[in-house]
Amino acid sequence: MFNGFAIKTLEYTSKGFLPQFNVSPSSSALKAWMTFATIGLRSRFTNFQELLEAHIDFQEVASWGAQPEPPVLLLGASNILTGKLWKFNSAKEPIIVEHILASCAIPNIFPAVRIGEDAYWDGIFSDNPPISELIRPAVVGVANIPQEIWVIKLNPTRRDTIPVDADDILDRRNELVGNISLFQSLQNIEALNDLLLKRAFKEEYLQELGLREPIKIPKPFIEREYKPYYIPFIEMSADVEKILNYESKLDRSPEHIHTLIEDGKRQAQQFLEEKARGAALTSAG
């Protein structure tokens with residue numbers, strides 16, 4: 001009932017049927033209203049930190065210390081005091097709950113997350129996701145340089161209609177901001193690929209990065225070949241994309257979540273099948 005009430009209220013407000021009040025997520029008034037509105041519900045329904053801690057033992061994670069061995073987790077965030085991009089890196093430090101909260105602190109929904117003397121918002125404003133760092137040995141370690149980078153894209157690249165509702169306009173603007181950050185990172189990788197294909201790097205540097213790969217071609221012709229990065233996108237289906245709006249991103253009804261999960265499974269299966277077919281063609285060639 002709470003979920004349905006919240007979603008419908010947001011929809012009516014966005015369409016102009018209800019007045020809109022700009023309230024800070026850090027305000028005492030909003031915190032008091034959320035406490036009152038969720039009386040009788042599980043507190044983790046509105047307390048994101050409690051929800052995370054219910055499923056992840058952060059004390060155990062902290063006991064591991066820094067983990068330079070694979071897999072490495074990178075979380076992007078925006079330091080709103082210094083204006084700098086920031087990466088929380090499990091190869092350099094243990095991941096704590098505040099790192100996760102900071103990496104998804106959307107300003108109009110969650111208050112800024114303080115860690116030490118700094119405060120952070122969602123990484124969508126800076127590095128979304130931190131692709132460039134994934135191929136830097138100084139960041140993730142030589143052993144963790146990926147062979148491929150797969151982008152599981154949650155925000156749509158394009159849309160068929162012009163947003164007209166207030167929240168829909170704001171949501172599309174945020175999508176574009178995130179996409180610009182992503183595409184700029186991909187352009188850097190494309191530039192690296194161009195340099196790889198033109199043999200612009202020394203052999204020792206390529207071997208250090210793991211960007212050399214043996215191929216089965218007789219020595220008189222070529223002994224080794226450059227291996228540029230392949231970065232496929234995995235996105236939601238067009239059918240599901242059409243039924244989503246700003247409010248649906250906050251909808252936690254079982255039916256809605258089930259639709260998203262099932263579509264994700266189908267898209268993942270389709271991606272893996274296409275990848276397997278491509279590998280089979282390469283081997284046959």
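None of the values given here were measured: they were computed from a predicted structure. (Residues numbered from 1 in each chain as written. Predicted model: local features only at pLDDT ≥ 70, side-chain atom pairs only at ≥ 80, totals over all residues. Heavy atoms only, no water.)

## Things to note about the sheet that holds strand β2 (residues 85–89)
Within a sheet, each strand pairs with its neighbour through backbone hydrogen bonds, oriented either parallel or antiparallel. Pairing in this open sheet of four strands is antiparallel, and the strands run β2-β1-β4-β3 from one edge to the other. At either margin of the open sheet sits one strand with a lone partner, and together these are β2 and β3 (113–115). Strand-to-strand twist of the sheet, defined as the mean angle between neighbouring strand axes without regard to direction, takes the value 45 degrees. Bridge count between β3 and strand β4 (residues 118–122): three bridges; the pairing is antiparallel. Within β4, the residue paired with I115 across the bridge is D118. (Pairing = 2+ DSSP bridges. Helix = DSSP H or I, 4+ residues; strand = E, 2+ residues; numbered from the N terminus. Axes fitted to C-alpha atoms, helices over the stretch in contact; angles between N-to-C directions.)

## Brief notes about the packing of aromatic side chains
Within this structure, the stated rule accounts for five aromatic pairs. Residues W150 and F271 carry aromatic rings whose centres are separated by 4.9 Å and whose planes lie at 75 degrees to one another, so their mutual orientation is edge-to-face. A residue pair is termed long-range when its members are at least 10 positions apart, and W150 in the loop between α7 (137–140) and β5 (151–153) and F271 in helix α11 (residues 254–284) qualify at 121 residues. By relative accessible area, which is 41% here, W150 ends up partly exposed. F271 gets classed as buried once you look at its relative accessible area, which sits at 9%. Ring plane angle 10 degrees and centroid distance 6.4 Å describe the contact between F183 and F233, whose orientation is recorded as stacked. A residue pair is termed long-range when its members are at least 10 positions apart, and F183 in helix α8 (residues 166–197) and F233 in strand β8 (residues 233–235) qualify at 50 residues. On the basis of relative accessibility, which here comes to 30%, the residue F183 falls in the partly exposed class. (Phe/Tyr/Trp six-rings, centres within 6.5 Å; stacked < 30°, edge-to-face > 60°. Buried < 20%, exposed > 50% of the residue type's maximum accessible area, 1.4 Å probe, protein only.)

## A look at the side chain of E175
Note on placement: E175 falls in helix α8. Assessed through its relative accessible area of 5%, E175 is described here as buried. At 3.3 Å, the side chain of E175 forms a polar contact with the side chain of K249. The residues touching E175, leaving out its near neighbours within four places in the chain, are N155, P156 and K249. (Polar contact = N/O pair within 3.5 Å; in protein donor to acceptor, adjacent residues only side chain to side chain. Contact = heavy atoms within 4.5 Å.)

## Details of the confidence of the model for the protein
When pLDDT is averaged along the protein, the result is 82, and 89% of the positions lie at 70 or above. pLDDT under 50 marks residues 214–225. Its contacts with residues more than four places away, or in other chains, come to 12 contacts. (pLDDT = per-residue confidence, 0-100.)

## Considerations on helix α1 (residues 2–14)
Over its 13 residues, α1 extends 18 Å from the first C-alpha to the last, a length consistent with the 18 Å expected when each residue adds 1.5 Å. If you check which residues of α1 are buried, you get F2, N3, I7, E11, T13 and S14. The buried residues of α1 all sit within an arc of 165 degrees when viewed along its axis, so they share a single face. Those residues of α1 hidden inside the fold are in contact with α2 (28–37) and α8. G16 sits one or two residues past α1 and shows a positive phi near 90 degrees. (Expected span 1.5 Å × (residues − 1). Arc of directions from axis to C-beta.)

## Some words on the pairing of β4
Across three bridges, the pairing between strand β1 (residues 74–79) and β4 is antiparallel. Pairing of S78 across the sheet is with W121, part of β4. Remark: two residues form the turn of the hairpin made by β3 and β4, two consecutive strands paired antiparallel; G116 in that turn has positive phi of roughly 65 degrees.

## A short note on the pattern of salt bridges
Per the stated rule, a full pass over the model turns up 10 salt bridges. For R159, the salt bridge goes to D168, with nearest N and O atoms at 3.2 Å. Across the pair D171 and K249 runs a salt bridge whose closest N-O atoms are separated by 3.0 Å. Pair noted here: D171 is in helix α8 and K249 is in the loop between α10 (238–243) and α11, with a separation of 78 residues, a long-range link. Classification of D171 as buried rests on a relative accessible area of 8%. Since its relative accessible area comes to 45%, K249 is described here as partly exposed. Residues joined in a network through salt bridges with shared partners are D171, R172, E175 and K249. (Salt bridge = Lys/Arg side-chain N within 4 Å of Asp/Glu carboxyl O.)

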